[in-house]
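Observations on chain architecture
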Amino acid sequence: MSVETSKRPGRNNGNVIVAALCLAFFTGMIGMAYAAVPLYKMFCQATGYGGKTQRAEKQYAGRVLDRDITVRFDANIAGVPWQFQPVQRSMTMKIGETVQAQYQAVNKFDRPVTGRATFNVQPELAGPYFNKVECFCFTDTTLKPGQTLDMPVVFYVDPDIVNVPELKDVKTITLSYTMFPVEKSKPVASSVPVKGSKTISNTEANLGG
């Protein structure tokens, strides 16, 4: 009986250690889950993984090639009551040339609405070679009722794209933005449209043809 009594404190201490390790593990897993989204966004911006463009630290490429490439601009809305579209559907420039494109957003509702855009590049392999100098992506933008806002995108296509066997013959790159609502009060669906306006759906007609 005395032998069993002497072993109990050690066994209890072992259980406490195991419980503490399990608690630390689950706490770490929860922290990683919360950090996953911003870390993934930073990784995509830095590497171009998943078709995401990388942010350029300077405005001009080191060289400009005597070769044209066309960038097609696409716009989508996902629940935000805006008209959101590129000012022009495509642009042709030299590889390495820094250019500016314009998107435009119009708030069609009778109250301020905040939106945030995400983006990707197709083909996906072209993501690391599509360098943004200026972009409105991942930034919360609030528009007043009926307000129109021009949203510039400054970018260039890295000349090193021609050194990639899968991309050396690519002639068109698509830059696509999707605008999401950022609402902290009542949902967008409960809002009342401006008199004379109509609900904006995600169709080609509403995106500029």
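Read on for an overview of the structure. (Residues numbered from 1 in each chain as written. Predicted model: local features only at pLDDT ≥ 70, side-chain atom pairs only at ≥ 80, totals over all residues. Heavy atoms only, no water.)

**Looking at the packing of aromatic side chains**
Heads up, the condition is: Stacked, tilted and edge-to-face are the three classes applied to pairs of Phe, Tyr and Trp rings, where Trp contributes its six-membered ring and a pair requires centres within 6.5 Å; stacked means planes under 30 degrees apart, edge-to-face means over 60, and tilted covers the rest. Secondary structure elements follow DSSP: runs of H or I of four or more residues count as helices, runs of E of two or more count as strands, with numbering from the N terminus. Here's how the labels work: a residue is buried when its accessible area is under 20% of the maximum for its type, exposed when over 50%, partly exposed in between, all with a 1.4 Å probe on protein chains only.
Tallied over the entire structure, the rule returns 10 aromatic pairs. Ring plane angle 15° and centroid distance 4.8 Å describe the contact between F130 and F155, whose orientation is recorded as stacked. With F130 in strand β7 (residues 130–134) and F155 in strand β9 (residues 148–157), the pair connects residues that are 25 residues apart, well separated along the chain. F155 carries the same exposure label as F130, and that label is buried.

**Brief notes about the sheet that holds strand β6 (residues 113–122)**
Formally: Note: two strands are recorded as paired if DSSP finds a minimum of 2 bridges between them. As a rule, the C-alpha atoms of each element are fitted with a line to give its axis, helices using only the stretch in contact, and angles between N-to-C directions run from 0 to 180 degrees.
Across the sheet, which stays open at both edges, the five strands sit in the order β4-β2-β10-β6-β8 with mixed pairing between neighbours. In this open sheet, the two strands that pair with only one neighbour each are β4 (90–94) and β8 (141–143). Between one strand and the next, the sheet's axes are offset by a mean angle of 30°, whatever the strand orientation. For strand β2 (residues 68–77) and strand β10 (residues 172–181), the ladder comprises eight bridges, and the chain directions are parallel. Along β10, the bridge assignment pairs T70 with T172.

**What to know about the nonpolar core**
Convention followed: The definition of a nonpolar core used throughout is a set of buried Ala, Val, Leu, Ile, Met, Phe, Trp, Tyr and Cys residues joined through side-chain atoms within 4.5 Å.
The biggest cluster of nonpolar side chains holds 39 residues, and the ones touching the most others in it are F84, Y103, F155 and Y177. Those elements that place two or more of their residues in this core are β2, β3 (82–86), β4, β5 (99–107), β6, β9 and β10. In terms of residue count, β2 provides more of this core than any other element does, five residues in total.

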